[in-house]
Amino acid sequence: MLHRQASRLYGILGTSSIPTSSWRSKKSKASAIAALFVPMLALLPSNAAWASASIIGSGSSFAAPEISSWTSAVAISPYNLTVNFTSSSSGEGRFEFANKSVDFAVSDIPYQAKNDTPPPSNWSFIYIPVTAGGLSFMYHLNGLSKTLQLSSYSACAIFTGAVAYWDDPIIKADNPGLNLPHLPVVPVTRSDLAGTNFVFQEYCIHEQPQLWQSFIKSVTGLQNQVTDLSATQPRSDWPLLATRSDPVSGSTTAADTVASSQNDGYITAVETAYAIQHHMPTASVKNASGDYTQPTSANVDSALAYATQQADGTHVLDFEGAGPNVYNPSTYSYVLTPTTGWSADKGATLDAFINYALTIGQQIAPSIGYAPLGLSLERFGINSAKLAVPGAVGLTSLEQNGFQCGDLTVQEVQAGQTKPTCGVTNQTAAPIVNANAVSSPSVASGSSANSTSGSSSSPGGGADASVGLGGTTSSGGGSGASPVDPSVSLGTSAPSLSFTGSNTGPIVLIGLALALLGIVGRRKVSRINRATTREAVDA
């Protein structure tokens, strides 16, 4: 066995084998060379998944089911990554991230200029969009003959305490012919600083401003009321209701509460994945076109075709998007990752996780209640990480072939199309290079980059998204666009080497050591051959 190993070693060093007559007298030398050479091979990284540093993160319970699915997937071969994520809330994630209690965070909204944890001030970071989902209204109404329908008015009225019973005329108006029970309405709200609270308030403020203003006026001054009430600006905490409600912490608890067999008449606002897990129905919600739609993957994609990406990677939502399949409220979640202040080893682990999440991970999104981001945002996130995260690694071949084929455009949504035309993409912001530019809130006066503009707008406003993975972009429509080949390697705007950003010192030293071994090995083989020749002549 040792002879075969040494023979292979000598083959590498420049000769095919060791002469048999010389083997017994020279085996100690070959073994010494093998003992030096083999450990060096172990130092060579095998692929993008060579990153081994473990990382921890926390944040959004809205995104948690999908994040958890990804962390489980990369924990096994061929990735073997240790990515630990604790589901809490967007606010908790931002807080722990700013205080360096975690390596990364997941949040549905960016840091806010008011009533929020101050963002990191001594190190830079970026936002990377990773999930897209609908804020669904999961309800428990026994004996209902068909799916509950809600408009923005009835949905916002329920969660502000404006309706006491399910057979209230407000709810009946959306459900003609449906026999609604005379049962108390119990909205299960989030008591923690949740991104879902922010997005839902954003939706009600935009869609039903008078209703929201009346609500804020009526609950101001309640004992233990939240201190940052606003009639015009969304917040991450939901106001206490004057009527019956059940405030809880976290999406999991909210969904568990509604799903309990004892809680007929309960309703909550959670990501669709939780309703799927609990086998509970979700309400169809009336959109700007007058259609009642479910929070399916295609319908969420249709709504988010109207969202406008900002320079820092976050989005301005638009709840007025027209189209028969649009579902609102829909939103994104973002990974917050440092670009300075942590090791390249941890950066390599997170980047390998991002690579998976934005390629193969997006393919499984619909099966667990989420929507795929689309090609533009996938390559935006990957290229931003490559340019800004220390230790960034390359894509595997499966990941290179795992991109979406295009983006669902506004024109396609308005025509009722639910699948993107391959090769057609929306405009997005350029990959983030100067991470210091996003280390503070992107907007002032307490508003968020998530805030709606109050009117419909088509996606855009960013730089050409063709930077990175190749292909061209279009502002919509399926004609005249050059095909995008998502399977190509990273282009000139992002490094193509598998180990870009890692410490190259060990690799250089290994190369020098191998070269030296080659020289020494050739000399020893030459001596062995000369000795063998002399023995043959003497014989």
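What counts, and at which threshold
Residues numbered from 1 in each chain as written. Predicted model: local features only at pLDDT ≥ 70, side-chain atom pairs only at ≥ 80, totals over all residues. Heavy atoms only, no water. Helix = DSSP H or I, 4+ residues; strand = E, 2+ residues; numbered from the N terminus. Buried < 20%, exposed > 50% of the residue type's maximum accessible area, 1.4 Å probe, protein only. Pairing = 2+ DSSP bridges. Right-handed = clockwise from strand over helix to strand, strands pointing away. Axes fitted to C-alpha atoms, helices over the stretch in contact; angles between N-to-C directions. Parallel < 35°, antiparallel > 145°, perpendicular 65-115°, else oblique. Left-handed = near helix turned anticlockwise from the far one by under 90°. Contact = heavy atoms within 4.5 Å. Nonpolar A, V, L, I, M, F, W, Y, C, P; charged D, E, K, R; others polar. Phe/Tyr/Trp six-rings, centres within 6.5 Å; stacked < 30°, edge-to-face > 60°. Salt bridge = Lys/Arg side-chain N within 4 Å of Asp/Glu carboxyl O. Disulfide = S-S within 2.5 Å.

Q: So, the overall build of the protein chain: which residues are in play, and what are the values?
A: Helix and strand counts for the protein chain come out as 17 helices and 12 strands. Out of the 539 residues belonging to the protein chain, those deemed buried represent 55%.

Q: Before we move on, can you summarise the pairing of strand 2 (residues 83-87) with the specific residues and values?
A: Across five bridges, strand 1 (residues 55-59) lies against strand 2 in parallel orientation. Following the sheet pairing, Gly-59 is matched in strand 2 by Ser-87. Taking the sense of rotation as the criterion, the β-α-β connection linking strand 1, helix 3 (residues 64-74) and strand 2 turns out right-handed.

Q: Give me the lowdown on the pairing of strand 1, citing residues and values where you can.
A: The element strand 1 is largely enclosed, with a buried count of four among its five residues. In the sheet, strand 1 pairs with strand 3 (residues 104-107) via three bridges, with the strands oriented parallel. Bridge pairing in strand 3 links Gly-57 to Phe-104.

Q: Tell me about the packing of helix 5 (residues 152-159) against helix 7 (residues 195-207), residues and numbers included.
A: Two elements in contact, helix 5 and helix 7, have axes whose closest approach is 10 Å; the angle formed by their N-to-C orientations is 125°. Here helix 7 runs oblique to helix 5, going by the angle between their axes. Both helix 5 and helix 7 take part in a crossing whose hand is left-handed. Of the residues in helix 7, those in contact with Ser-152, Ala-155, Cys-156 and Phe-159 of helix 5 are Phe-200, Tyr-203, Cys-204 and Glu-207. Across the contact of helix 5 with helix 7, the residue classes tally to six nonpolar, one polar and one charged.

Q: Mind laying out the sheet that holds strand 2, listing which residues take part and the relevant values?
A: Ordered in space as 2-1-3-12-4-7-6, the seven strands form an open sheet in which the pairing is mixed. The open sheet has two edge strands with one neighbour each: strand 2 and strand 6 (186-188). On average, adjacent strands in this sheet sit at an angle of 25° to one another, irrespective of strand direction. Note that strand 4 (residues 125-139) and strand 12 (residues 330-338) share nine bridges and pair antiparallel.

Q: A description of the packing of aromatic side chains should follow, citing residues and the corresponding values.
A: This structure, assessed with the given rule, holds 17 aromatic pairs. For the ring pair Phe-97 and Trp-123, a centre distance of 4.8 Å and an interplane angle of 75° mean the geometry is edge-to-face. With Phe-97 in helix 4 (residues 90-98) and Trp-123 in the loop between strand 3 and strand 4, this residue pair connects regions lying 26 residues apart in the sequence. On the basis of relative accessible area, Phe-97 is assigned to the buried category, the value being 1%. For Trp-123, a relative accessible area of 7% corresponds to the buried category. Each ring, one from Tyr-203 and one from Phe-319, has its centre 5.3 Å from the other, and the planes form 85°; the classification is edge-to-face. Of this pair, Tyr-203 sits in helix 7 while Phe-319 sits in the loop between strand 11 (315-316) and strand 12, placing them 116 residues apart in sequence. Through a chain of ring-to-ring contacts, three or more aromatic side chains come together here, namely Phe-137, Phe-159, Phe-200, Tyr-203, Trp-212, Phe-215, Trp-238 and Phe-319.

Q: Describe in detail the pattern of salt bridges, supporting the description with residues and values.
A: Opposite charge on two side chains lets them pair, provided their charged atoms get close. Considering all chains together, one arrives at four salt bridges under this definition. The salt bridge partner of Asp-192 is Arg-190, with a shortest N-O separation of 2.9 Å. Asp-192 gets classed as buried once you look at its relative accessible area, which sits at 12%. Given the relative accessible area of 4%, Arg-190 is considered buried.

Q: Can you break down the packing of helix 3 against helix 12 (residues 344-357) residue by residue, with the values?
A: Any two packed helices are characterised by how steeply their axes cross, that is the angle between the axes, and by the distance between the axes. Viewed as axis vectors pointing N to C, helix 3 and helix 12 meet at an angle of 115°, and their least axial separation amounts to 10 Å. With respect to each other, helix 3 and helix 12 are oriented roughly perpendicular. Like other packed secondary-structure pairs, helix 3 and helix 12 cross with a definite hand, here right-handed. Touching Ile-67, Trp-70, Thr-71, Ala-73 and Val-74 of helix 3 are Phe-353, Tyr-356 and Ala-357, all from helix 12. Residue classes in the contact of helix 3 with helix 12 are distributed as seven nonpolar, one polar and no charged.

Q: Describe the sheet that holds strand 5 (residues 149-150), listing the residues and the values that go with them.
A: Taking strand neighbours across the sheet as the criterion, the three strands line up as 5-8-9 in an open arrangement whose pairing is mixed. The open sheet has two edge strands, strand 5 and strand 9 (292-293), and neither has a second partner. Direction of pairing for strand 8 (residues 284-286) relative to strand 9: antiparallel, over a ladder of two bridges. Residue Val-285 lies in a different strand from strand 9, and its bridge partner there is Thr-293.

Q: Summarise the state of the cysteines; cite the residues concerned and give the values.
A: Tallied over the entire structure, the rule returns two disulfides. Here Cys-156 is linked by a disulfide to Cys-204, with a sulfur-sulfur distance of 2.2 Å. Judged by the sign of its S-S torsion, about -100°, the cystine formed by Cys-156 and Cys-204 is left-handed. Of the two residues, Cys-156 is situated in helix 5 and Cys-204 in helix 7; the sequence distance between them amounts to 48 residues. Each member of the pair Cys-156 and Cys-204 is classed as buried. The disulfide partner of Cys-405 is Cys-422, and the gap between their sulfur atoms is 2.2 Å. Disulfide Cys-405 to Cys-422: torsion about the S-S bond roughly -85°, handedness left-handed. Taken together, the residues Cys-405 in the loop between helix 15 (397-400) and helix 16 (410-414) and Cys-422 in the loop between helix 16 and helix 17 (505-538) connect sequence positions 17 residues apart. For Cys-422, a relative accessible area of 54% gives the class exposed. Listing the disulfide partners of the protein chain by sequence rank of the bonded cysteines yields 1-2, 3-4.

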